[in-house]
Amino acid sequence: MADFASVPDPQPQLVFRTAQVHGPPPRPRSVVIAVRLMYVCAAGPSLWVLGNSLWPGPSYSGSYSGSSPSAAADVFGYALLVLPVTALWLWMAMMNKRGRSWARILSTAFFGCYCVSLIPLPLMVLWAPGDGSPSPQRASQLIWYALLGFAAPALLGWAISLATIVLLWQRESSEYYASAGPLHRRAGETGPIPTAAG
């Protein structure tokens, strides 16, 4: 008869498994298009400054103000203004492309600020002739310049931004952000993880 007292108790064995970090989820078409529209919005301010430098606005005297030092200073000031805007659009595009949910919320908040900034736009067009009493023909040119040089690009940017926000809040986009969020939190979890078995 076997002596069971001499048989040692089985010890639990350590089984090592490797934590698997799955790749990023596929980006839905809505997010892909939204990111591309953000790139368009990032290039828009630079194109606007370039257009204003090539096609300067008319002055009250009837000549065009593109050759004056003040006009050159204005273009330089516009360039300094659009650089942060361009950088912000590129940053938002990159973060939304990675599926950061906070980037979608921040993009929506920035769009709300953009909408508020457009409120004075009709007054700017109406006040384009200013109080310098220009001739009726010159006043008409100033109003058209305000419409084509400021109002139209601003409204075009608003429409593209609106389409971007709508795409970011589509159902397939929300699923992408929900699946990409845990992936970012688990990005550093690699290596063997011991588990007891037996």
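One can find the structure itself at the top, above this paragraph.
Residues numbered from 1 in each chain as written. Predicted model: local features only at pLDDT ≥ 70, side-chain atom pairs only at ≥ 80, totals over all residues. Heavy atoms only, no water.

### Brief notes about the overall build of the protein chain
Okay, so step 1: When you go through the protein chain residue by residue, the secondary structure sums to six helices and two strands.
Okay, so step 2: Helices and strands appear in the protein chain in the N-to-C order β-α-α-α-α-α-α-β.
Okay, so step 3: Taken over 198 residues, the protein chain has a buried fraction of 28%.
Okay, so step 4: When contacts within the protein chain are restricted to residue pairs at least 6 apart in sequence, long-range pairs at least 24 apart make up 80% of them.
Okay, so step 5: Total accessible area computed for the protein chain in this model is approximately 13000 Å², and 68% of it derives from carbon and sulfur atoms. (Helix = DSSP H or I, 4+ residues; strand = E, 2+ residues; numbered from the N terminus. Buried < 20%, exposed > 50% of the residue type's maximum accessible area, 1.4 Å probe, protein only. Contact = heavy atoms within 4.5 Å. Areas by Shrake-Rupley, 256 points an atom, 1.4 Å probe, with all protein chains shown as cover.)

### Examining the packing of aromatic side chains
Ring pairs (aromatic) are described by centroid distance and by the angle formed between their planes.
Okay, so step 1: According to the stated counting rule, one finds three aromatic pairs in the structure shown.
Okay, so step 2: Here the aromatic rings of Tyr176 and Tyr177 are separated by 5.8 Å at their centres, their planes lie at 65°, and the arrangement is edge-to-face. Accessibility classification places Tyr176 together with Tyr177 in one group, the buried group.
Okay, so step 3: For the cation-ring pair, Arg104 lies above Trp169, with the distance from its terminal atom to the ring centre recorded as 3.8 Å. (Phe/Tyr/Trp six-rings, centres within 6.5 Å; stacked < 30°, edge-to-face > 60°. Lys NZ or Arg CZ within 6 Å of the ring centre and 35° of its normal.)

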